[in-house]
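# Per-entry structural report
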Amino acid sequence: MTKVIAFATSAAAPSTYRPAPERILAGDPVQTATLHFTSADGRFSAGTWAAERGTWRVVFTESEFCHLLEGVIVVTDEAGEKTTFRAGDAFVSPAGFTGTWEIVEPARKLFAFYEGPSAPDHP
């Protein structure tokens, strides 16, 4: 039987990590992610994420929906265009997006991402 997954009562364990050292541009962007759901084929996942202040280079192999619950994030694309997101904002980073993420104020978000069939495994 397939059941609905409630994040509030999920027994999923958080995982703490940092971006690869060569991607970090400023600060110490420690991140914590909790995957509350992953599909059987491993291509779709959803959960919660938090990060401390810092800036790092990103390369998205997945398409990710984000709903920012707390904090301020500045996303800069490879052309230098900056977009600031604050608590309550929602956005999508499509597969193929490259640029930087800067956590201006400690942030927390809900996310869902999808890896296409030719993309490598999500870290």
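This is a predicted model, so every value here is computed, not measured. (Residues numbered from 1 in each chain as written. Predicted model: local features only at pLDDT ≥ 70, side-chain atom pairs only at ≥ 80, totals over all residues. Heavy atoms only, no water.)

### Quick word on the packing of aromatic side chains
This model, assessed by the stated rule, comprises eight aromatic pairs. Plain terms: the ring middles of Trp49 and Trp101 are 5.8 Å apart, the flat faces sit at 90° to each other, and that makes the pair edge-to-face. Taken as a pair, Trp49 in strand β4 (residues 44-51) and Trp101 in strand β9 (residues 98-115) lie far apart in primary sequence, 52 residues in all. Assessed through its relative accessible area of 6%, Trp49 is described here as buried. Between the aromatic rings of Trp56 and Trp101, the centroid separation amounts to 6.3 Å while the plane-to-plane angle is 40°, which identifies the pairing as tilted. Of this pair, Trp56 sits in strand β5 (residues 54-59) while Trp101 sits in strand β9, placing them 45 residues apart in sequence. Accessibility assignment for this pair places Trp56 and Trp101 in one class, buried. One aromatic cluster in this structure is built from Trp49, Trp56, Phe60, Phe85, Phe91, Phe97 and Trp101. (Phe/Tyr/Trp six-rings, centres within 6.5 Å; stacked < 30°, edge-to-face > 60°. Helix = DSSP H or I, 4+ residues; strand = E, 2+ residues; numbered from the N terminus. Buried < 20%, exposed > 50% of the residue type's maximum accessible area, 1.4 Å probe, protein only.)

### A look at the UniProt feature "domain: (S)-ureidoglycine aminohydrolase cupin" (unreviewed entry) in the chain
Look at the UniProt record and you will see "domain: (S)-ureidoglycine aminohydrolase cupin" (unreviewed entry) annotated at residues 39-110. Annotated as 0% helix and 72% strand, the span residues 39-110 places its first and last C-alpha atoms 17 Å apart. (UniProt positions renumbered as here; feature names shortened; annotations may be inferred.)

### Quick look at the environment of Ala20
Along the polypeptide, Ala20 turns up in the loop between β1 (15-17) and β2 (24-27). On the accessibility criterion, Ala20 (29% relative accessible area) is partly exposed. Residues Ala20 and Ser45, 25 residues apart in the sequence, show an inter-C-alpha distance of 21 Å.

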